[in-house]
Amino acid sequence: MIARPGSTLWLLAHEMRLGWRTLLARRGENRRGGWIALATVGLVTLAGGVPIGLMLRRVEITVTPTGILLADAILAVIFSLMLSQTLAAAADVLYDRGDLDLLFSSPIDPRKVLTVRFAAIALNLFLVFSAFLGPFLIPIALIGHPPWLSAFLVLASVAIAATACGLVVAMGMFAAIGPRRTRTIAQVTSALIGAGFFLVTQARNIFGAPVGSVWSDLVAAATAPGVVMPPVATLPLRALLGDPGAVAILLVTALAMFAGVNLWLGGRFAADSAAAAGAEASAVKARTRPVAFTGGAFAATVRKELRLMSRDAALMSQVMLRVLYLLPLAFVLVRNAGSQSLLALPGGAAALAFVAGQVAASLAWITVSAEDAPDLIAGAPTPIAIARRAKLAAAFIPVAALLAPILLTLIVLEPRVGLAATAGCAAATVANGLINIWYQRPAKRSEFRRRRGSSWVSTLAEVAVGVCIAAATGLAAAGLAWALIPALLAGLLLLAVRRTDAQIAQALRVAAR
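What you see is a predicted model, and the numbers here were worked out from it, not measured in a lab. Per chain, residues are indexed from 1 in the order of the written sequence. pLDDT decides what is reported in this predicted model: residues at 70 or higher carry local features, side-chain atom pairs at 80 or more are listed and counted, and totals for whole chains, interfaces and linings draw on all residues regardless. Note: side-chain values were computed over all heavy atoms of the structure, leaving out hydrogens and water.

> Let's hear about the overall build of the protein: which residues, and what values?
Every helix listed is a DSSP run of H or I at least four residues long, and every strand listed is a run of E at least two residues long, numbered separately from the N terminus. Within the protein, the regular secondary structure consists of 21 helices and zero strands. For every residue, the accessible area obtained with a 1.4 Å probe (protein chains only) is divided by the maximum for its type, and the residue is called buried under 20%, exposed over 50%, and partly exposed between those limits. Counting over 513 residues, the protein shows a buried share of 41%. Two residues qualify as a contact provided that any one of their heavy atoms is within 4.5 Å of a heavy atom in the partner residue. Looking at the protein alone, contacts between residues at least 24 apart form 81% of all its contacts between residues at least 6 apart. Total accessible area on the protein stands at roughly 26,100 Å², and carbon and sulfur atoms take up 71% of it. Here the Shrake-Rupley method, with its probe set to 1.4 Å, supplies the accessible areas, and only the displayed protein chains count as covering residues.

> Tell me about helix α10 (residues 231-240), and please be specific about residues and values.
Every buried residue belonging to α10 is among A233, T234, L235, P236, L237 and A239, and all of these are buried. A positive backbone phi angle near 100° is found at G242, which sits one or two residues after α10.

> I'd like a rundown of the side chain of S130, residues and numbers included.
On the secondary structure map, S130 appears in helix α5 (residues 110-143). For S130, a relative accessible area of 13% corresponds to the buried category. In this structure, S130 is in contact with P135, F152 and L155, ignoring residues within four places of it in sequence.

> For the environment of T8, give the residues involved together with the corresponding values.
Residue position: T8 is located in helix α1 (residues 8-27). In this structure, the C-alpha to C-alpha distance between T8 and T115, residues 107 residues apart in sequence, is 8.6 Å.

> Account for the packing of helix α16 (residues 384-413) against helix α17 (residues 415-438), naming residues and giving values.
The angle between two axes is taken between their N-to-C directions and runs from 0 to 180 degrees, where each axis is a line fitted to C-alpha atoms and a helix contributes only its stretch in contact. The N-to-C vectors of α16 and α17 enclose an angle of 165°; their axes lie 10 Å apart at closest approach. Here α17 runs roughly antiparallel to α16, going by the angle between their axes. Here α16 and α17 pass one another in a crossing that is right-handed. Contact with α16, carried on its side by R388, L392, F396, V399, L403, L407, L410, I411, V412 and L413, involves P415, V417, G418, L419, A421, T422, C425, T429, V430, G433, L434 and I437 of α17 and no other residues of that element. To sort the angles, those under 35 degrees are grouped as roughly parallel, those over 145 as roughly antiparallel, those from 65 to 115 as roughly perpendicular, and the leftovers as oblique. Crossings are classed by handedness, with left-handed meaning an anticlockwise turn of the near helix from the far one by less than a right angle and right-handed meaning a clockwise turn.

> Please give an account of the environment of H14 that cites residues and values.
Here H14 is to be found in helix α1. Residues H14 and A120, spaced 106 residues apart in sequence, show a C-alpha to C-alpha distance of 9.5 Å.

> Mind laying out the pattern of salt bridges, listing which residues take part and the relevant values?
The term salt bridge refers to a side-chain nitrogen of Lys or Arg lying within 4 Å of a carboxyl oxygen of Asp or Glu. Scanning the model with the defined rule gives three salt bridges in all. With a shortest N-O distance of 2.6 Å, E305 and K304 are connected by a salt bridge. Ionic pairing is found between E305 and K391, a salt bridge with its closest N-O pair at 2.7 Å. Within this pair, whereas E305 is found in helix α12 (residues 296-311), its partner K391 is found in helix α16, the two being separated by 86 residues in sequence. The network of salt bridges with shared partners includes K304, E305 and K391.

> Which residues make up a nonpolar patch on the surface, and what values do they have?
The grouping of L488, L489, L492 and L495 at the surface amounts to a nonpolar patch, some 420 Å² of accessible area in total. Of note, L489 is situated in helix α20 (residues 484-497). The class for L489 is partly exposed, based on a relative accessible area of 42%. Excluding any residue in a salt bridge, patches collect residues exceeding 30% relative accessible area, merging like charges within 9 Å and nonpolar Val, Leu, Ile, Met, Phe, Trp and Tyr side chains within 5 Å.

> Hey, could you go over the nonpolar core for me, with residue numbers and the actual values?
Grouping buried Ala, Val, Leu, Ile, Met, Phe, Trp, Tyr and Cys residues that are joined through side-chain atoms within 4.5 Å yields what is termed a nonpolar core. With 40 residues, the main nonpolar core has L403, I435, W438 and V465 as its most contacted residues. Residue assignment for this core shows that the elements contributing at least two residues are α14 (344-369), α16, α17, α19 (456-477) and α20. Ranked by residues supplied to this core, first place goes to α14 with 13 residues. Those residues in contact with V465 that lie beyond four places of it in its chain are A431, I435, A490, L493 and L494. Formed by 34 residues, the second largest nonpolar core is a distinct cluster that contains L75, L125, A161 and F258.

> Can you break down the confidence of the model for the protein residue by residue, with the values?
Interpretation of the predicted coordinates at a detailed level should be avoided for regions scoring low in pLDDT. In the predicted model, the protein carries a mean pLDDT of 75, and the fraction of residues at 70 or more is 62%. On a range of 0 to 100, pLDDT expresses the predictor's confidence in each residue. A low-confidence stretch, residues 279-288 stays under pLDDT 50, and its non-local contacts, those more than four residues away or across chains, total seven contacts.

> Could you give an account of the environment of L265, with specific residues and numbers?
Summarising the element assignment, L265 is placed in helix α11 (residues 244-287). For the pair L265 and L167, spaced 98 residues apart in sequence, the C-alpha to C-alpha distance is 8.3 Å.

> How would you summarise the side chain of T86 if you had to cite specific residues and measurements?
In this fold, T86 is placed in helix α3 (residues 65-96). You can call T86 buried: its relative accessible area is 0%. With residues near it in sequence (within four places) discarded, T86 still touches I121, L125, A162, T163, G166 and L167.

Below is the structure:
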C-alpha cells in the first residue's frame, strides 16, 4: 500500500486511478489497447524523436528575441489548451462525479479532499501533455542536450498555473451566472479556449493579410533597434534550456498561485458543489413536463434528438472544436471566390467537405449511439429503420443549417466550385452518418461524456472515406474528370465496411454480453 487510508497520497492515488479508468472508458480500450498505445509511443520515439535528437545534437540554442517569442508562443498555446481542460474538469467535479457529498461526510478533512482533487487535475494535465511531448523531448535531451529535460518541469509549472486559473474562472462563472448555467458555459468555454489561440493568430490571414504577417510583425517589433525584451519574457526560454534559476521561478510562482487559489476557493467550492447538486435536481424536475408527440414517429424522434443535443453541453462541446475550424475555412473559401486560384478554391472545397463530414460524424455518433434505452427503441412498434433515419436526420440538420448560407454564397460566386463543394459535403455527411449506423455502440449519454469518439473501425473508415470524398471534391472543383477515381474508391470503401441489419443486430448482441 502506498500510504495509509485517508492520507493525501492515498487520496491522490485514488484520483489517478479514476483518471486512468476514465481515459480507458473514453477510448473504449482494454489491456490490449494499452499495449498498442505503448507500442505506438515507442514507435514514435524511434521514428520521430531519435532522428530529431540526432539532427539537433550539435545545435546550440541561444537566448534571442526570435527564440524568446517562439518559446512564449508555445507555452501560451499549451497553457490555453490546459486551461480549457481545467474548465471541463471543474465541471466534471461539480456535476458529473457526484461524490463530493460522500467525501465531505467522511472523517477526511474536506480541505484535504479539495486539495487532492485540485492537484489531481494538474497532475492529469501534466501526464497527458508529457505523453505527447515525451517521445520527442527525451531522445533530444539524452542524445545531445541533457539540460533540456527541464522542459518537463516547465510543463509541470504550466499545468499547475493553468489549473489555478481554470478553477478561478469556473468559480467566477458559478458566482456570476449561477449553478444551472455554469455547466453549459464551462463546457462550451473549454472548447472555445482550445481553438481560440489558433483562430486569433490566423485572424489577419482570414481577413486577407499576407500569410505569416502576425508572426513577422511580432519578430520585427522584438528585433527593432533599441528594443529590450523584459526579463519576464525570457523566463520560458531560459527555463526550457535548463537554467535552474528560471525553472525555480516558474515552479515557485505556479505553486504559489495554486496554494492561494486552494486557500481562497476551498470553502466556497464545498458550498458551490452542494448548490450545483441542487440545481441539477431542480433542472431535471423542471424538464419533466408533458410533450405532445405529433407528426408521427419520425418527426417525434427528430425533435427528441435535437432537444437532447441542445441540452447536453458536455457532448456538444466535443463537436464545438470542429465547428470552430469549419467556419474560418468556409469564410476563406468564400473570400477567395473570384480569384481564379488554381489551388485555393479546389483545396478549400476539399477541406470543407472533409471537415463537414467530420462534424456530421460527431453528431451522428451522439444521436445514434448515445441512447439511454436502446432495448426500448428496438422493441417499439415503429420500424427500426425509421428510428435510424430520424436519428441521422437530427444529426444532419445542424450541419445543413451551418453550411447552407456558405454553400449558396459560393454557388452564386463560383458555380462550379460551389456545386462541387455542395456535393462533396452532402456525400461526406451521408457517408459518415451511415458508418455510424453500421458500427453503432449504444450506451448511456452520461457514459458518452467520458467517451470521446466511436470505435476505431468506424473512425478509420470515416477518415478514409472522408479523404477520398475530399479528393473527389477538390478535383471536381478544378474541373478535372479524375474526380471519378477517388469518388469510386469512396464508394468501394463504403461497400467494404457496410453492415446489413442482421449484422448490426448481431454486433449489438455481442457487445451487450
